[in-house]
Amino acid sequence: MFSLRGCGPCVAASFTKKHLPLLRFIGDSAAPLSTNFDVVVIGGGHAGTEAAAAAARCGSRTLLLTHRVDTIGKESPIRDSFLRRSILVVKPGPREVCRLDSRLGSDVGVFWVLQKSDSGEPAWLSWLIDCLWLRSQVLSSSPAGVSLLSGEPASPSLYPFLLFLNPLADGSTVHAESVVLTTGTFLRGVIVIGLETHPAGRLGDQPSIGLAQTLEKLGFVVGRLKTGTPPRIAKESINFSILNKQTPDNPSIPFSFINETVWIKPEDQLPCYLTHTNPRVDEIVLENLHLNSHIKETTRGPRYCPSIESKVLRFPNRLHQVWLEPEGMDSDLIYPQGLSVTLPAELQEKMITCIKGLEKAKMIQPGGLRYTHRCLEPQKTKPNIYAFKIFFVGGVIAGINASLRVKRKPPFVISRTEGYIGVLIDDLTTLGTNEPYRMFTSRAEFRLSLRPDNADSRLTFRGYKEVGCVSQQRYERASRMKSSLEEGISVLKSIEFSSSKWKKLIPEASISIGKSLPLRALDVLKYEEVDMKLLAKAVPEPLKKYIKCRELAERLKIEATYESVLFHQQQQIKEVQQDEALQLPKDLDYLTLRDVSLSYEVREKLQFSRPETIGAASRIPGVTPAAIINLLRFVKTSHRQRGRQREEEAGSPH
């Protein structure tokens, strides 16, 4: 049974098709509540609300059990997370979630900028969200079939197919066939500021102690993760006039392709400002290491959002960036990205006022180190993030698979070659992690195929046809785009002129007129100076219709640019997919292996790990896709040679 610790009145909310939350107070009800649900999601943060919405979109009756209804959809204040500039859209993963009809497609952004690579090419979209608006959007746009209940589950009873919860003091029982656990930072969470320790899920909220204890009693392994958060600063106390201002793009590119434009004009968006630390900040950190429990324990913090103390110790005598980011349109708080700190509060304020632009800054909330306990070693879960009748990784995929389990359908699994979601889940379930996981394109073997622009073609159709979590509107939009893209590529391939004629039509392009073979329009589009507008100007018919849609024109350019490279990569993907289970010889000495191109670093990693299959070798950090292809071809060649040798030996006379 689940019992709930008091967190104010219990509220249930069911959502109508009009997306209007209808609240029903059940805490004072005289009759016991007896409710059957298909899926129960424990934890009402961003991952929990995504999981609940996904399960409901798949047709499951879903209960979202949250610590407090008034903070539903609120992410813990760890901005180096899924929802902030440094990780939000740094890579294509969130675009993939959006293509499965995630709530991320909602208009809750207040700042958009398309980041460029070192070569000047568009690389990724950074998008700053309004935390308060996100919570409002979660409440107002959740699909029909989601109910809300506040409190803390403490004592579950697990049976072969049902999970029983006792959420109210009157003994009422809730039944569910699938459970998703998305406790975030609340599962026995602890915040450390200086040498002081405060049990908390987030500052001001109690942690989930009872649930952690119960899960341990049931035999779950509870491990600890560590991360940090910076202080919050009053906006009015900052001198922005002397800082480097980052303005949004004009026009701004929307996050979801359902929208043609973003909801807010560039001039109305909230800018970000850049400042830096200085030697005085280093002095304060170094003089007070004895007052910092994080440093006393270890100088090694979270690798991808290190504290300022860790950066000062590891990279002395350097200036470190601090991005001043607004919390939202209606918020007076500024989030100093890059200034995670665990010093005592008074020293944090002293350090802040040493930074340019923050000389008179007023600290509203101190930063701190956060310890939180994950419930299970991730490598003990399956590729559908399921173990022991509970789904342990929150979000869209957990909600989808929880619903599919109720329907007794096969799980929805995204492979490493299909999406960054698949890379993330595979990394966690095979390698595990001892720190908060961060998604990078470098973790994917075939990242040229996993681009933000083609996330719909990789995932939207599967989400619609296999599990039903994608709306008809998104599916139809993706279908139209797929049809237009295929048609456009076909037309570009059909148009052929000599290189000299192309040079006359498009003198801006660096086309060599010495080429004897005719060039397709698709080949001309590969040149850096050529885009669809320029190409359509040179050949109006039949190309002019393909520049009416900005996204279609951009995708045609991308497809042309990567055509030859992608062809070879697709062949490599098929090769690896077909032979992932290929056994590697147990007697291979990778350090002395000849006739195969492998760097010494890769050889060391393979020699140390001794993978049993090609698939296992591909998941070793630092083993490159090229190395896997070379190793695969070497092993297959060796197998063929041994096969021929056995045949010759069998055919030779004794």
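Relevant structure appears above.
Heads up: these notes are all about the structure in this document.

Cut-offs applied
Residues numbered from 1 in each chain as written. Predicted model: local features only at pLDDT ≥ 70, side-chain atom pairs only at ≥ 80, totals over all residues. Heavy atoms only, no water. Phe/Tyr/Trp six-rings, centres within 6.5 Å; stacked < 30°, edge-to-face > 60°. Helix = DSSP H or I, 4+ residues; strand = E, 2+ residues; numbered from the N terminus. Buried < 20%, exposed > 50% of the residue type's maximum accessible area, 1.4 Å probe, protein only. Lys NZ or Arg CZ within 6 Å of the ring centre and 35° of its normal. Arc of directions from axis to C-beta. Contact = heavy atoms within 4.5 Å. Polar contact = N/O pair within 3.5 Å; in protein donor to acceptor, adjacent residues only side chain to side chain. Pairing = 2+ DSSP bridges. Core = buried A, V, L, I, M, F, W, Y, C linked by side-chain atoms within 4.5 Å. Salt bridge = Lys/Arg side-chain N within 4 Å of Asp/Glu carboxyl O.

## Let's talk about the packing of aromatic side chains
Okay, so step 1: Summed over all chains, the structure comprises four aromatic pairs.
Okay, so step 2: Relative to Tyr-273, the ring of Phe-240 lies with its centre 4.5 Å away and its plane at 35°, an arrangement referred to as tilted. On the criterion of sequence distance, the pair formed by Phe-240 in the loop between β16 (232-234) and β17 (244-246) and Tyr-273 in strand β18 (residues 272-276) is long-range, its members being 33 residues apart. There is no split in this pair, since Phe-240 and Tyr-273 are both buried.
Okay, so step 3: Directly above the aromatic system of Phe-461 lies the positively charged group of Lys-482, at a separation of 5.2 Å from the ring centroid.

## Structural notes on helix α5 (residues 279-287)
The periodicity of an α-helix, 3.6 residues per turn, causes residues three or four places apart in sequence to face the same way.
Okay, so step 1: Within α5 the residues assigned to the buried category are Val-281, Asp-282, Ile-284 and Val-285. Considered in projection along α5, the buried side chains sweep an arc of 160° and stay on one side of the axis.
Okay, so step 2: For α5, the secondary structure elements touched by its buried residues are α7 (308-314) and α8 (345-352).
Okay, so step 3: The residue sitting at the N-terminus of α5 and contributing the capping side-chain oxygen is Asn-278; that oxygen lies 3.0 Å from the backbone nitrogen of Arg-280.

## Structural notes on the pairing of strand β14 (residues 196-199)
Okay, so step 1: Of the strand pairs in this sheet, strand β13 (residues 190-193) and β14 are connected by four bridges, and their pairing is antiparallel. Bridge pairing in β14 places Val-192 opposite Thr-197.
Okay, so step 2: In this antiparallel pair of consecutive strands, β13 and β14, the connection spans two residues, and Gly-194 shows a positive phi of 65°.

## Some details on the nonpolar core
Okay, so step 1: Counting residues in each nonpolar core, the largest one holds 29 residues, and the members touching the most others are Leu-492, Trp-502, Ile-506, Val-530, Leu-535, Leu-543 and Leu-556.
Okay, so step 2: Those elements giving two or more residues to this core turn out to be α12 (472-494), α14 (521-524), α15 (532-538) and α17 (550-578).
Okay, so step 3: In contact with Leu-535, not counting residues within four places along its chain, are Leu-492, Trp-502, Ile-506, Ala-521, Val-524, Leu-525, Val-530 and Leu-543.

## Some words on unusual backbone geometry
Okay, so step 1: A cis geometry characterises the amide bond from Asn-250 onward to Pro-251, with omega recorded as 5°.
Okay, so step 2: For the bond running from Glu-541 to Pro-542, omega is 10°, close enough to zero to count as cis.
Okay, so step 3: Tracing the backbone through its elements, the reader meets Pro-542 in helix α16 (residues 540-543).
Okay, so step 4: A positive phi angle, close to 60°, is found at Asn-317, a residue other than glycine.
Okay, so step 5: Its place among the elements puts Asn-317 in the loop between α7 and β19 (321-326).

## Some points on the pattern of salt bridges
Okay, so step 1: Counting across every chain of the model gives 20 salt bridges.
Okay, so step 2: Ionic pairing is found between Glu-487 and Lys-545, a salt bridge with its closest N-O pair at 2.8 Å. Of the two residues, Glu-487 is situated in helix α12 and Lys-545 in the loop between α16 and α17; the sequence distance between them amounts to 58 residues.
Okay, so step 3: The exposure class assigned to Lys-545 is partly exposed, which follows from its relative accessible area of 44%.

## Looking at the side chain of Thr-417
Okay, so step 1: On the secondary structure map, Thr-417 appears in the loop between α9 (396-406) and α10 (420-430).
Okay, so step 2: We classify Thr-417 as buried; its relative accessible area is 16%.
Okay, so step 3: Setting aside residues no more than four positions away along its own chain, Thr-417 makes contact with Phe-446, Leu-450, Ile-573 and Gln-577.

Spatial relationships are all this shows, so hold off on functional conclusions.
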